[in-house]
Amino acid sequence: NRLATLRPFREPDLTLASELATQAVLALDNTRLFRDLQGRLRELQATQARLVESEQLAAVGQVTAGIAHALNNPASYILSNLWTIDESLEGLLELGARLEAGAPAAECLLGWRALGGDAAASDLRESVREALDGARRIGEILGDVRALALPAAGEERAAVVKERVDVNESIR
């Protein structure tokens, strides 16, 4: 007890006090460094989360662009055929109106031939079939997209992805 003896500090006492002070300064420095490290770790985790989100959005954008491209081809095919069908139907409707109005058969036959006759009817039928084929392909593409989006487990999911991963294959 220093108060009871009132003796001066000896060399070992001063050495011990110096070592304790050094340890206290190191502990305070370590605490500050640890807090700085925790702050930087939080910043890195937030940056990593933003980077992951950005990559996910980029991947979704690429998938969406691929799907839009895959759907655009058969949709354009359908529209082209529907325009052809629409043009053919206008002529047929005019011919039908003339028939109903009592136009002579010879005049209607000339009108039928002017429209292209049986060849035009065959082309019209083919346009309908091609439009239906394009619609079927769109349905297949959408089915592939749905299959990729369905939650499946383990090997079943891998099989679905392996089987249906190429959405562009559906438009061939």
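Structure first, text after, so check above.
The structure reproduced in this document is the subject of the present report. (Residues numbered from 1 in each chain as written. Predicted model: local features only at pLDDT ≥ 70, side-chain atom pairs only at ≥ 80, totals over all residues. Heavy atoms only, no water.)

Points about the packing of helix 3 (residues 105-115) against helix 4 (residues 117-149)
Point 1. Two elements in contact, helix 3 and helix 4, have axes separated by 6 Å at closest approach and are oriented at 50°. By the angle class used here, helix 3 and helix 4 are oblique. Of the two possible hands of crossing, helix 3 and helix 4 adopt the one that is left-handed. Residues W112, R113 and L115 of helix 3 form the contact with helix 4, whose participating residues are G117, D118, A120 and A121.
Point 2. Along the lines of polarity and charge, the residues of the contact of helix 3 with helix 4 split into 4 nonpolar, 1 polar and 2 charged. (Axes fitted to C-alpha atoms, helices over the stretch in contact; angles between N-to-C directions. Helix = DSSP H or I, 4+ residues; strand = E, 2+ residues; numbered from the N terminus. Parallel < 35°, antiparallel > 145°, perpendicular 65-115°, else oblique. Left-handed = near helix turned anticlockwise from the far one by under 90°. Contact = heavy atoms within 4.5 Å. Nonpolar A, V, L, I, M, F, W, Y, C, P; charged D, E, K, R; others polar.)

A few points about helix 4
Point 1. Over its 33 residues, helix 4 extends 48 Å from the first C-alpha to the last, a length consistent with the 48 Å expected when each residue adds 1.5 Å.
Point 2. Buried residues of helix 4: G117, L124, S127, A131, G134, R137, I138, I141, G143, D144 and A147, and no others. (Expected span 1.5 Å × (residues − 1). Buried < 20%, exposed > 50% of the residue type's maximum accessible area, 1.4 Å probe, protein only.)

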